[in-house]
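Survey of secondary and tertiary structure
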Amino acid sequence: MNAEQRKTWNEDHKRMTAMILIPQEHKEAVALLLRQHALLYAAHGDVDGTADYGELILKGTREEELRHYPVKSPDTRNSIVWHLWHSARVEDITMNMLVAGTGQVLDTDGMFQSLNIPFSHSGNEMTEAEMAKLSEEISIEGLLAYRRAVGRRTQEIIAPLEPGQFRRKVDAGRIMAVREQGAVTEKSDWLAKYWSGKTIGGLMLMPATRHNFVHLNKALRIKSKLQRRR
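The numbering scheme is per chain: residues are counted from 1 as the chain's sequence reads. The predicted nature of this model means local features are confined to residues of pLDDT at least 70 and side-chain atom pairs, given and counted, to a pLDDT of 80 or more, with totals for whole chains, interfaces and linings taken over all residues. Based on all heavy atoms of the structure, the side-chain values leave hydrogens and waters out of the count.

Describing helix α1 (residues 3-19)
By definition, any uninterrupted DSSP run of H or I lasting at least four residues is a helix, any uninterrupted run of E lasting at least two residues is a strand, and each is numbered from the N terminus. Multiplying 1.5 Å by the helix residue count minus one yields the expected span of that helix. Its 17 residues place the ends of α1 25 Å apart at the C-alpha level, agreeing with the 24 Å of an ideal helix rising 1.5 Å per residue. Using a 1.4 Å probe on the protein chains alone, a residue whose accessible area is under 20% of its type maximum counts as buried, one over 50% counts as exposed, and one in between counts as partly exposed. Of all the residues in α1, the buried ones are W9, D12, H13, M16 and M19. One face of α1 carries all of its buried residues, which in axial projection span an arc of 125°. Facing away from the buried side of α1 by over 90 degrees, the exposed positions are A3, E4, K14 and A18. Any two residues having at least one pair of non-hydrogen atoms within 4.5 Å are treated as being in contact. In this structure, the buried residues of α1 make contact with α2 (26-38) and α11 (200-228). Directions from the helix axis toward the C-beta atoms define the arc.

This is how it looks when you write it as structure tokens:
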């Protein structure tokens, strides 16, 4: 996804924002949402010959660059692997626990163990020591498998949504489950409060698409900066 393609992604996201809560626009909104989301993920291959954004960032990036922490950047100190992990965690929590009302991808088939880190929350409000530990120890193979699985699951959740469902508010009981299961820490409870005020459409616009896009943008800038030093 080059600069022009990222610009198009942004324009399409604005168009999706304008239509997603209108039931009469549901079919077109779902089609656009699925495409917007797929462009960010290796799980779905190319879309109309356009390489996905995540794959672009990983291509030609050395492991030490993926793990580099702290990063000296105006908008982040976090490593590329942290950005990939955090965006996948937030998507997993919101799409599965809050939208679908199911368990997380993280809790299936040894997925958590495959990451090789002790953190199962969203990744918000981590200490510098925790950031350093995650950046150093996370299994990149496990991370990529997790990210792909989260992407596939989100597509499965989006596709069958019915007209009007995007307008529904997040269920309070599901927010409580997020807290009880430790998907957000006490220090980052502001995130659960933020999600509690969202509609299903709002979650699709931010965690599932825009949130991923923002973190992938940061990861790409980190990659570019580190590779200029080679």
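Here we look at the UniProt feature "domain: DinB-like" (unreviewed entry) in the protein
UniProt tags residues 58-173 as "domain: DinB-like" (unreviewed entry). Helix makes up 54% of residues 58-173 and strand 0%, and the two end C-alpha atoms of the span are 38 Å apart. UniProt positions are given in the numbering used here, feature names are shortened, and annotations may be inferred rather than shown by experiment.

Considerations on unusual backbone geometry
At the junction of Y69 and P70, the peptide bond is cis and its omega measures out at -5° in the coordinates. Along the polypeptide, P70 turns up in the loop between α4 (63-67) and α5 (80-100). Positive phi is not limited to glycine here, since D109 has a value of about 50°. Its location among the elements puts D109 in the loop between α5 and α6 (111-115).

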